[in-house]
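Chain by chain, the residues run as shown.
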Amino acid sequence: MAYIPAYSHHPSSFSAKSGKLFYAQDMILLLQEDTPFPPVTQALRHPNGLLAAGGDLSSARLLDAYRHGIFPWFGEGDPILWWSPDPRMVLIPAEFKLSKSLRKTLRRGAYQLRTDTAFEQVMRACAAPRDGQDGTWIQEEMVRAYCALHRQGYAHSVETWMDDELVGGLYGLSIGKMFYGESMFSRRSDASKIALAHLCAQLQRWDFGMIDCQMNTAHLASLGAREIPRKEFISRLQELINYPPVTDFRFDTDLFA
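Given the structure is predicted, the values throughout are model-derived calculations rather than measurements.

I keep staring at the packing of helix α2 (residues 100–108) against helix α5 (residues 191–205) and nothing clicks. Help me out?
Each pair of packed helices gets described by two things: the angle between the helix axes and the distance between those axes. Interaxial distance between α2 and α5 falls to 11 Å at its minimum, and their mutual angle equals 80°. With respect to α5, the element α2 is oriented roughly perpendicular. In contact with L102, T105 and L106 of α2, α5 contributes K193, I194, A197 and H198. By residue class, the composition of the contact of α2 with α5 is four nonpolar, two polar and one charged.

Pasting the structure below:
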């Protein structure tokens, strides 16, 4: 097996993955086409969770990664980098914090909530430059890879529309009763929170156990997400992914009636 020096951008969270350049003198596994992932317990502590490099973004590789609590994140010019941080930031659907102002917005209903009608648009909106960030981690090969997962029924978008305009949303993966959040965007006030609120409410009805938020941010914490030890995350994950999948990702219309 081949190993390479560990160096990379450090990931943030599914809401905004921008980071600083970190270096480590440890070695990480270089994946070949048929190399399995190493145990997540081998992930580095600095940078937190860096596990392996290389491999590809095939659907089979990505699904194997998510089923083992691993996700890809890498900058332009980097090899594909695979992460499994400890602790892990998760949002339990029932623990979503619904503020009074957001509750009023949801009750007014001056928006349309759609799912899976504009998956690639949502990805590209998430990839658009944001204030204080240089470049994007959602590159063309990532868009192609996740659009392939979308066509296979694993990747989904939750979209907020106003006046027939896509103004916010998020995307992620659904395996069994586990949802993996990847990124979200907002072009109007609370547009991404509207999508997340609907996602949490619907996942509660479907008895989903967790939303993987990957890394800690103050924004996610304000919405109810919290850190749990990676060992606990993996244990719960292995149970949740073995439930039958949701085959119709359309949301109920009375979630906030």
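What is the right way to read the pairing of strand β6 (residues 88–91) from this model?
The side chains of a regular strand alternate, residue by residue, between the two faces of the sheet. Of the two faces of β6, the one carrying R88 and V90 and the one carrying M89 and L91 are both buried. Of the strand pairs in this sheet, β6 and strand β12 (residues 226–228) are connected by three bridges, and their pairing is antiparallel. Along β12, the bridge assignment pairs V90 with R226. Looking at chain direction, β6 and strand β11 (residues 210–214) are connected through three bridges and run antiparallel. Note that in β11 the partner of L91 across the bridge is I211.

Please clarify how the packing of aromatic side chains should be interpreted in this entry.
How two aromatic rings sit relative to each other is given by the distance of their centres and the angle of their planes. Taken as a whole and judged by the stated rule, the model has ten aromatic pairs. Measuring from centroid to centroid gives 5.0 Å for F37 and W82, while their planes differ by 70°, and the two rings are edge-to-face. You can see F37 sitting in the loop between β2 (21–31) and β3 (50–54) and its partner W82 sitting in strand β5 (residues 81–83), a full 45 residues away along the chain. In terms of burial, F37 and W82 fall into one category: buried. An angle of 55° between the planes, with centres 5.4 Å apart, marks the rings of F249 and F251 as tilted. When its relative accessible area of 13% is taken as the criterion, F251 is described as buried. The rings of F179, W206, F208, F249 and F251 are connected pair by pair, giving a single aromatic cluster. A cation over a ring is seen here: R114 above W161, with NZ or CZ 4.1 Å from the ring centre.

Which parts of the structure should I look at to understand unusual backbone geometry?
Note: most residues except glycine have negative phi, and most peptide bonds are trans. Look at the link from H46 to P47: it is a cis peptide, with omega at -5°. Within the element layout of this structure, P47 appears in the loop between β2 and β3. Of note, the amide linkage connecting D86 to P87 takes the cis form, showing an omega dihedral of 5°. Residue position: P87 is located in the loop between β5 and β6. Unlike most non-glycine residues, D164 shows phi in positive territory, near 60°. Relative to the helices and strands, D164 is located in the loop between β8 (155–162) and β9 (165–175). Judged by relative accessible area, D164 falls into the exposed class, the value being 63%. Located in the positive-phi region is Q214, a residue other than glycine, with phi close to 75°. Mapped onto the secondary structure, Q214 falls in strand β11.

Rules and cut-offs
Counting restarts for each chain, with residues numbered from 1 along the sequence as it is written. Local features in a predicted model are, by the rule used here, given only for residues with pLDDT of at least 70; side-chain atom pairs are given and counted only at 80 or more, and totals for whole chains, interfaces and linings are based on all residues. The side-chain numbers reported here are obtained from all heavy atoms of the structure, hydrogens and water having been left aside. The axes used here are C-alpha line fits, helices contributing only the stretch in contact, and every angle between their N-to-C directions lies in the interval 0 to 180 degrees. Counting from the N terminus, the helices are DSSP H or I runs at least four residues long and the strands are E runs at least two residues long. Here roughly perpendicular refers to angles of 65 to 115 degrees, roughly parallel to angles under 35, roughly antiparallel to angles over 145, and oblique to all remaining angles. The contact criterion used is simple: two residues touch if any of their non-hydrogen atoms lie within 4.5 Å. Each residue is assigned to one class: nonpolar for Ala, Val, Leu, Ile, Met, Phe, Trp, Tyr, Cys and Pro, charged for Asp, Glu, Lys and Arg, and polar for all the others, Gly among them. Exposure categories follow from relative accessible area, calculated using a 1.4 Å probe and restricted to protein chains: below 20% of the type maximum is buried, above 50% is exposed, and the middle band is partly exposed. DSSP calls a pair of strands paired once it identifies at least 2 bridges connecting them. Aromatic pairing here means that ring centres of Phe, Tyr or Trp (its six-membered ring) are within 6.5 Å. Orientation follows from the plane angle: under 30 degrees is stacked, over 60 is edge-to-face, and everything else is tilted. A positively charged side chain is recorded as over a ring if its NZ (Lys) or CZ (Arg) lies within 6 Å of the ring centre. The angle to the ring normal must also be within 35 degrees.

Scope: geometric values only; no functional claims are made or implied.
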